[in-house]
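# Secondary and tertiary structure notes
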Amino acid sequence: MNQMTRLSDPPTASASSMPDPDQCWAAVSRRDRVMDGRFVGCVATTGIYCKPSCAARHPKRENMTFLPDPAAARAAGFRACLRCRPDETGRDQRAVAAAIALIEAAEDAPRLNAIAAHVGYAPHHFHRLFKRETGQTPAAFARALRADRLKVALDAGGSVTAAIYEAGYAAPSRAYADAASHLGMTPSAWQAGGRGVTIRWRVVDSSLGPMLVAATDKGLCRISFDEGEEALRTRFPQADLRPADAALDRLAAAVVALVDDPTGAPDLPVDIGGTAFQQAVWSALRAIPAGQTRSYGQIAAAIGRPGAVRAAGTACGDNALAVLIPCHRVLRSDGMAGGYAWGVERKQALLAREKG
């Protein structure tokens, strides 16, 4: 018996936690992988049940019913689809959750072979599965988690060197390399409120109101509505704030164009810090196609943390790059707009523009 078979079974989904039938059908129609595990679609004409992302040809709407999980489908007399293998969805999600727990508990990042053996999968297959479910590879997740610990240690005060080793780094060079991706600046600069970092900024007019656009020499670090120099200085009290130059003007023009047409996907450089969880949420947001929306629960499920719905909402609210990281595409589970850091009216306007 491998270790995967000893993992506990997930709680059975309830009908009340399912999307409504119209939402289920919409998810099936777009083959939405994010919805896998939230329900199964049962086809009356064939007697099979599938997960939402099944690649098989879609049946007619009137021939489909939706049930919370494979057990309910089998009890109703349906059998599993041999193409999409819906019974394996829960196993995959349990494996990813177990891998995350293993990585979080380890002092040193475990190797892929050890993680895969722990959950009972082949390494190459689990590598693809983990990235599909979380948006990150196991190694990238472990690096982001270690960077989180470094951030906490830096914020607690004391020496930078002590914080580096307390976070689990074997050498400062690796900490500085990770910090460039996860803190948006060096460890010493982070601890000093941006000291030594030059940020160029300007407020530009857009069709949805004035926007603050700011960037380091690496990329955009702040895009927001109704903010100015004071807000930027609060975030980076020790940074060297300077007026925009030609490079920043070009970035600002691209941002304004994105407000007018949020269906675009410009390849703009970014320089933002964030925890491993925040970065996973922001990656999931950028994966939502223009014109589509997701619920906070779907975002949490997409990154392998289905129980972290509230935390996913908080991560959306912590997004530092309005429009570029499209947190406006996330709605409440009842389909209502929910919150938006820069005003619900702007959120609704952006969504309307995407849908044409």
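Heads up: the structure comes first, above all this text.
Note that the structure is a prediction, hence the values are computed from the model and not measured. Throughout, residues of each chain are indexed from 1 in the direction in which the sequence is written. The predicted nature of this model means local features are confined to residues of pLDDT at least 70 and side-chain atom pairs, given and counted, to a pLDDT of 80 or more, with totals for whole chains, interfaces and linings taken over all residues. Remark: hydrogens and water are excluded; side-chain values derive from all non-hydrogen atoms of the structure.

### Details of the packing of helix α4 (residues 112–119) against helix α5 (residues 123–134)
With axes taken as lines fitted to C-alpha atoms, and helix axes fitted only over the stretch in contact, angles between N-to-C directions fall between 0 and 180 degrees. Helical segments are the DSSP runs of H or I of at least four residues, strand segments are the runs of E of at least two, and each set is numbered from the N terminus. Running from amino to carboxyl end, α4 crosses α5 at an angle of 90°, the nearest separation of the two axes being 9 Å. As judged from the angle between their axes, α4 and α5 are roughly perpendicular. Along the contact surface, α4 presents Leu112, Asn113, Ile115, Ala116 and Val119, while α5 presents Pro123, Phe126 and His127. Here the residues of the contact of α4 with α5 sort into six nonpolar, two polar and no charged. Oblique is the label for any angle not covered by the other classes, which are roughly parallel (under 35 degrees), roughly antiparallel (over 145) and roughly perpendicular (65 to 115). The contact criterion used throughout is that any non-hydrogen atoms of two residues lie within 4.5 Å. Residues are grouped as follows: nonpolar covers Ala, Val, Leu, Ile, Met, Phe, Trp, Tyr, Cys and Pro; charged covers Asp, Glu, Lys and Arg; every other residue, Gly included, is treated as polar.

### Observations concerning empty space enclosed by the protein
Detection works on a 1 Å grid of protein atoms alone, calling trapped sets that fit a 1.4 Å probe cavities and calling open sets with protein on both sides within 12 Å along at least five of seven lines pockets, with lining residues defined by an atom within 4 Å of a point. Grid points are joined across faces, edges and corners, and a volume is the space filled by probe spheres set on the points. Under the criterion given, the structure shown has two cavities of 30 Å³ or more. Of the pockets and cavities examined, the second largest cavity occupies roughly 40 Å³. What lines the second largest cavity is Ile100, Thr134, Gln136, Phe141, Phe277, Ala280, Ile303 and Arg305. Looking at side-chain class alone, the lining of the second largest cavity contains five nonpolar, two polar and one charged residues.

### Section: the packing of helix α12 (residues 276–286) against helix α14 (residues 309–317)
At a closest axis distance of 9 Å, the pairing of α12 and α14 adopts a crossing angle of 75°. With respect to α14, the element α12 is oriented roughly perpendicular. Taken together, the residues of α14 that come into contact with α12 (itself represented by Phe277, Gln278, Val281, Trp282 and Leu285) are Ala311, Ala312, Ala315 and Cys316.

### Examining the environment of glutamine 136
In this fold, glutamine 136 is placed in the loop between α5 and α6 (138–155). Considered as a pair, glutamine 136 and glutamine 279 are 143 residues apart in the sequence and their alpha carbons are 9.2 Å apart. Residue contacts for glutamine 136: discarding those within four places in its chain leaves Phe130, Lys131, Phe141, Ala144, Ala276 and Ala280.

### Considerations on α4
Within the sequence span of α4, burial applies to Ile115, Ala116 and Val119. Mapping the buried residues of α4 onto a view down its axis gives an arc of 95°, with all of them on the same face. Here the term buried applies to any residue with accessible area under 20% of the maximum for its type, exposed to any over 50%, and partly exposed to those in between, with areas from a 1.4 Å probe on protein chains only. The arc in question is formed by the directions pointing from the helix axis toward the C-beta atoms.

### Focus: the nonpolar core
Residues belong to a common nonpolar core when they are buried Ala, Val, Leu, Ile, Met, Phe, Trp, Tyr or Cys residues joined through side-chain atoms within 4.5 Å. Formed by 43 residues in total, the largest nonpolar core has its most connected members in Leu220, Ile223, Phe225, Val281, Leu285 and Ile299. Of all the elements in the fold, those that place two or more residues in this core are β6 (211–215), β7 (220–225), α11 (246–260), α12, α13 (296–302) and α14. For isoleucine 299, the contacting residues outside a window of four places in its chain are Val281, Ala284, Leu285, Ile288, Arg294, Ala312 and Val330.

### Focus: the pattern of salt bridges
When a carboxyl oxygen of Asp or Glu lies within 4 Å of a side-chain nitrogen of Lys or Arg, that pair is called a salt bridge. Within this structure, the stated rule accounts for 11 salt bridges. Arginine 222 is the salt-bridge partner of glutamate 227, the closest N and O atoms lying 3.0 Å from each other. According to the relative accessible area criterion, glutamate 227 is partly exposed, its value standing at 23%. The salt bridge involving arginine 353 is made with aspartate 260; its shortest N-O contact spans 4.0 Å. Of this pair, arginine 353 sits in helix α15 (residues 344–355) while aspartate 260 sits in helix α11, and the two are 93 residues apart along the sequence. By relative accessible area, aspartate 260 is classed as partly exposed at 44%. Here the residues in one salt-bridge network are Arg30, Asp32 and Arg294, joined through shared partners.

### Some remarks on the environment of isoleucine 48
Within the secondary structure layout, isoleucine 48 lies in strand β2 (residues 48–50). Measuring from C-alpha to C-alpha, the distance between isoleucine 48 and alanine 73 comes to 8.6 Å, with 25 residues separating the pair along the chain. Not counting residues within four places of it along the chain, the set of residues in contact with isoleucine 48 comprises Gly41, Cys42, Val43, Phe78, Arg79 and Cys81.

### With respect to unusual backbone geometry
With phi around 60°, aspartate 226 is a residue other than glycine that occupies positive phi space. Note that aspartate 226 resides in the loop between β7 and α10 (229–235). When its relative accessible area of 52% is taken as the criterion, aspartate 226 is described as exposed. Non-glycine residue valine 323 carries a positive phi angle of around 70°. Residue valine 323 is classed as buried on the basis of its relative accessible area, which comes to 4%.

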